[in-house]
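Breakdown of the fold
One-letter residues, chain by chain:
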Amino acid sequence: MDNGFKVALRWIVYALVFCQVEAFYVPTATYRVYDEHQPIPLLFNKVYSDNTQLQYAYADLPFVCKPSGKRKLGELISGQKIALNLGEILRGDRIMVSDVELAMVEDKPCNFLCTVEVSRKDLKRARQIVRDGYVVEWIVDNLPGATSFVTVDRSRKYYAAGFKLGYTDLSTGRPKYYLNNHHTIVLRYRRARGANGDLGRKAIVGFEVYPKSIGLDTPRDEHMCPKDMHNINNGLELHIPAASPNQTNNQKRNVRDIEIQDPEPDPSILAAKDPSLMLMDEEPEPDVDDGATLKITYTYSVYFRQDTSVDWQHRWDLYFTNQQEGSRVHWLAVGNSLVICALLTGIVTVIVLRTVRNDIAKGREGLREKGSSHGGRKKKAGLLDQGDDQFDKDLDDFMSSEDEALEDVSGWKLLHGDVFRTPVRGYLLAPMVGSGMQLLFMAAGLVLLSAFGILNPSFRGGFISFGVGLFVFAGVFSGYYSARVYKTFGGKNWRMNVVVTAILFPGLLFGFLFILNLFIWANASSTAIPFTTLLAIVALWLCIQLPLVYIGSWVGFRRPAWEHPTKTTSVPRQIPQQAWYLQGPRTVLLAGLVPFAVIFIELLFIFQSMWQDKSGYYYVFGFSAVIGFLLVVAVAEVTVVAIYIQLCGENHNWWWQSFMVGGGSAVWVFAYCVWYYFMKLHITGFFNSLLFFSYSFIACAVYGLLTGTIGFLAAYAFVRRIYGAIKPD
């Protein structure tokens, strides 16, 4: 056992060495180079916010410049939709060619884009989107437009993907919302590699966007550009004055005073303290449609800057923020997980090497004495090693004919005739184990591909696309293990098991997501899955996964059932009163704390990337692979310990219990999601909160199914091992 632990520890160290925290990745985008003055397309994608779960296609917003479809940018035409992979569609991307004109190394101090006339209704939506802190994503050469920052010590520069659509001003006592209608685009480039560089071609290594709000009273030239870009006094407020000045004055008198300590407070913090602050204190727009409009003029500037400090293959490194500080916490997470797993390994070692072996030895001694009292063969003194084989054979015959020989033995050995009794609703447990193996294969594949840099942020949508593909093709493993378990439980109708395995978990998941998708559709969000994509997913499910599950089940059912070392009696043994900590959910909750302790530090980074800082990227999959391996070890060992304690309490209903104990940490993960929602997030609105808890529930259910399968298989192997030692072959 010690050697095995040392070997596992050595492999963990190797994994950490080869999967460094330097954001290792394999660039998946095509290496593109540009000649001087060659057009470069700028693509519109979407807007998203840390305060909501709804994304919107940027070009669909009623107050922005929509592509005209008249400008040709190289091989593309403005307004042309870019083909997306499945992952991009599911994550809400809606990419379209814009009218923004870019040409390599051609600076443009100011260009007119368009003028949009916005009604009161559209202006109200613009105010809401700005209030929720939405961020815009544009794309150039597969790089998202970024906001540039510098660390506190000014030692390094880093990017946050996206840029603000607008901002909120609270300095006047009531919220004022401003829209950014001028964008300064900075494209950083360097000389291309090899022969392309000799021809004067360039490669893009950075894409920065600096938005600015320019008010209606700003003087403009004949091209609609501000005459003095550096002296902008007023921004573009999203407000149309009411028709009657008296009405406006009355509204302003009703505005209540608020105490502001910071001259420029963070609106999200104020909103978190008083969610009604932004809604009640702002000057309301009249609900009547009086035909009033607001004209918004959009302009942009373009600057090219040479940057030789960034190589093309490392141009994504600037998006991976706080690497050095974050790596320390990741190492802490690994150390915490290693300590917990070492303690669990020690406990399992004590159980296996001491307790179980001593119990088995005492049981054999009890059988030997029982056999002697029934006229069994006596061994001669001083000949301890003589006739052992014959004695074991006699002992086997005696156990087969005299089951009462174990009645004097206490603990788990009393359950030799009940421990392998077919569980209640085993026809459901088998498909769940099969689906758990399917998820385990998918998760392992995703983590390994990401740890080796194949799946990375430069491969937009690749993580989700590969995840769906791995899940579908892992249907073979789902069918195989489901059939093996089903046959072991004595099942005969294997075709029905195929249908249940292929439909139970995927069907529930699809149905739940479809219902959520209806609500997202109603909100016109780009996160809503299009109907054609839904049909494609159903086709993958029924036309590919279902046949693969059938093939796996056919192979698995042709294999012999797993043999059990003891025979099952016809009458089940009565279960005595159990201790408080062995009563159903209590055991699940107590045991689930240990695997949760292994992963909770790493969960903080994952949650931050998913919910709190969507402009960042989770990139340390090398650490995730190590934490995932330690999680598997922890789940297996804690389930073994929990089931051993249950068997010592003479409770033979361990099949479902092992599955529930293995997945018990999912309850704590969901509780962690609830805590994170109230303590860390500033999500506004009932529907956004509903989406958060729905997504969290689905993720925890998937996690629980995966870890429950690990616990079940570990406990099954352990039980077969210890009861096989009672009756030697």
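Our subject is the structure that appears above.
The structure reproduced in this document is the subject of the present report.

Each value, and the rule that gives it
Residue numbers run consecutively from 1 along every chain, following the written order of its sequence. At least 70 in pLDDT is required for a residue's local features to be given in this predicted model, at least 80 for side-chain atom pairs to be given and counted, and no such filter applies to totals for whole chains, interfaces and linings, which use all residues. Side-chain metrics in this entry use all non-hydrogen atoms of the structure; hydrogen atoms and water are not considered. A run of H or I in DSSP counts as a helix once it spans at least four residues, and a run of E counts as a strand once it spans at least two, with each numbered from the N terminus. Categorising residues by exposure relies on relative accessible area from a 1.4 Å probe, with only protein chains included: less than 20% of the type maximum marks a residue as buried, more than 50% marks it as exposed, and the intermediate range marks it as partly exposed. By the convention used here, residues are in contact when the closest approach between their heavy atoms is within 4.5 Å. Computed by Shrake-Rupley with a 1.4 Å probe, the accessible areas treat only the displayed protein chains as cover when residues are assessed. Paired rings are identified among Phe, Tyr and Trp, the last through its six-membered ring, by centres lying within 6.5 Å, and are further divided according to the angle between planes into stacked (under 30 degrees), edge-to-face (over 60) and tilted (the rest). Note on geometry: a ring has a charge over it if NZ (lysine) or CZ (arginine) is within 6 Å of the ring centre and within 35 degrees of the ring normal. Among buried residues, the Ala, Val, Leu, Ile, Met, Phe, Trp, Tyr and Cys ones that are joined through side-chain atoms within 4.5 Å form a nonpolar core. Every axis corresponds to a line fitted to the C-alpha atoms, with the helix fit spanning only the stretch in contact, and the corresponding angles, defined between N-to-C directions, vary from 0 to 180 degrees. Angles below 35 degrees are treated as roughly parallel, those above 145 as roughly antiparallel, those between 65 and 115 as roughly perpendicular, and all remaining angles as oblique. Helix crossings fall into two classes, left-handed where the near helix is turned counterclockwise from the far one by less than a right angle and right-handed where it is turned clockwise. Nonpolar residues are Ala, Val, Leu, Ile, Met, Phe, Trp, Tyr, Cys and Pro. Charged residues are Asp, Glu, Lys and Arg, and all others, Gly as well, are polar. Each pair of strands is called paired provided DSSP finds at least two bridges between the two strands. A pair of sulfur atoms, both from cysteines and within 2.5 Å, is called a disulfide here. By convention in these notes, a salt bridge is any Lys or Arg side-chain nitrogen within 4 Å of a carboxyl oxygen on Asp or Glu. Multiplying 1.5 Å by the helix residue count minus one yields the expected span of that helix. Bending is quantified residue by residue as the angle between axes fitted to the seven-residue window ending at that residue and the seven-residue window starting at it.

A few words now on the overall build of the protein. Regarding its fold elements, the protein presents 19 helices and 17 strands. Going through the 729 residues of the protein one by one, you find that 49% of them count as buried. Considering only intrachain contacts with a sequence separation of at least 6, the fraction spanning at least 24 residues in the protein is 80%. Roughly 35500 Å² of accessible area belongs to the protein as shown, and the carbon and sulfur atoms make up 59% of that amount.

Moving on, we come to the packing of aromatic side chains. Here the structure, examined in full by the defined rule, presents 45 aromatic pairs. A connected cluster of aromatic rings, assembled from ring pairs, spans Phe 489, Trp 562, Trp 654, Trp 655, Phe 712 and Tyr 716. Its end group placed over the ring of Tyr 56, Arg 125 keeps NZ or CZ at 4.9 Å from the ring centre. Looking at Lys 413, its charged tip hangs above the ring of Trp 412, at a distance of 5.1 Å from the centre.

On to the nonpolar core. Grouped together as the largest cluster of nonpolar side chains are 149 residues, with contacts concentrated most on Phe 63, Tyr 298, Leu 647 and Tyr 723. Looking at which element gives the most residues to this core, the answer is helix H19 (residues 686-726), with 18 residues. Those residues in contact with Phe 63 that sit more than four places away from it in its chain are Val 116, Val 118, Asp 122, Ala 126, Ile 129, Leu 165, Leu 179, Ile 296 and Tyr 298. Judged by nonpolar contacts, the second largest core, of six residues, contains Leu 43, Leu 73, Leu 76 and Val 97.

Where helix H12 (residues 475-488) meets helix H13 (residues 494-522), the axes come as close as 10 Å, and the angle between the chain directions of the two elements is 135 degrees. Relative to H13, the element H12 lies oblique. Between H12 and H13 lies a crossing whose hand is right-handed. From H12, Ser 478, Ser 482, Ala 483 and Tyr 486 reach across to H13, where they touch Trp 494, Asn 497 and Thr 501. Residue classes in the contact of H12 with H13 are distributed as three nonpolar, four polar and no charged.

This part takes up the sheet that holds strand S16 (residues 236-237). Strand pairing in a sheet is mediated by backbone hydrogen bonds. Such pairs are either parallel or antiparallel. Judged by pairing direction, the sheet is antiparallel, and its three strands sit side by side in the order S12-S13-S16 without closing on themselves. In the strand order of this sheet, the two ends are held by strand S12 (166-169) and S16, each with one partner. Across two bridges, the pairing between strand S13 (residues 176-179) and S16 is antiparallel. Its bridge partner lying in S16, Tyr 178 is registered against Glu 237. Lying on the sheet, helix H3 (residues 120-131) is in contact with S12 and S13; it crosses S13 at an angle near 95 degrees.

This part covers the state of the cysteines. Within the structure shown, the criterion is met by two disulfides. Sulfur-sulfur distance for the disulfide between Cys 65 and Cys 114 comes to 1.6 Å. Residues Cys 65 and Cys 114 share a disulfide whose torsion about the S-S bond is about -95 degrees; that sign makes it left-handed. You can see Cys 65 sitting in the loop between strand S2 (56-57) and strand S3 (72-73) and its partner Cys 114 sitting in strand S6 (residues 108-119), a full 49 residues away along the chain. You'll find Cys 65 and Cys 114 in the same group, each marked buried. Disulfide pairing places Cys 110 opposite Cys 225 at an S-S distance of 2.2 Å. Between Cys 110 and Cys 225, the S-S torsion sits near -95 degrees, and that sign places the bridge as left-handed. One end of the pair, Cys 110, is in strand S6; the other, Cys 225, is in the loop between strand S15 (202-212) and S16, with 115 residues separating them in the sequence. Ordinal numbering of bonded cysteines along the protein defines a disulfide pattern of 1-3, 2-4.

The next point concerns the pairing of S13. The alternating pattern of S13 places Lys 176 and Tyr 178 and Tyr 177 and Leu 179 on opposite faces, both of which are buried. Direction of pairing for S12 relative to S13: antiparallel, over a ladder of four bridges. Looking across to S13, one finds that Asp 169 is bridged to Lys 176. The antiparallel pairing of S12 with S13 creates a hairpin that spans six residues between the two strands, and Gly 173 there sits at a positive phi of about 100 degrees.

For Asn 142, which is not a glycine, the phi torsion comes out positive at approximately 70 degrees. Inspection of the secondary structure puts Asn 142 in the loop between strand S7 (135-140) and strand S8 (143-144).

What follows deals with the environment of Phe 320. One can find Phe 320 in the loop between strand S17 (293-306) and helix H8 (323-373). Placed 160 residues apart in sequence, Phe 320 and Ala 160 show a C-alpha to C-alpha distance of 8.5 Å.

With that settled, consider the pattern of salt bridges. This structure, assessed with the given rule, holds 14 salt bridges. A salt bridge links Arg 91 to Asp 93; the nearest nitrogen and oxygen atoms lie 2.6 Å apart. A relative accessible area of 28% places Arg 91 in the partly exposed class. Glu 650 serves as the salt-bridge partner of Arg 573, at 4.0 Å between the closest nitrogen and oxygen.

Looking now at H13. Every α-helix carries 3.6 residues per turn, so stepping three or four residues along brings you back to the same face. Counted at 1.5 Å a residue, the expected span for H13 with its 29 residues is 42 Å, and the 42 Å between its end C-alpha atoms agrees. At Gly 507, H13 shows its maximal bend, which comes to roughly 30 degrees. Among all positions in H13, only Trp 494, Asn 497, Val 498, Thr 501, Ala 502, Phe 505, Pro 506, Gly 507, Leu 516, Asn 517 and Ile 520 are buried. In the core, the buried residues of H13 are packed alongside helix H10 (426-451), helix H11 (462-473), H12, helix H14 (531-558) and H19.

This next bit is on the side chain of Ser 435. By the element assignment, Ser 435 lies in helix H10. With a relative accessible area of 2%, Ser 435 lands in the buried category. Beyond its immediate chain neighbours, meaning those up to four positions away, Ser 435 contacts Ser 478, Thr 501, Phe 505 and Leu 705.

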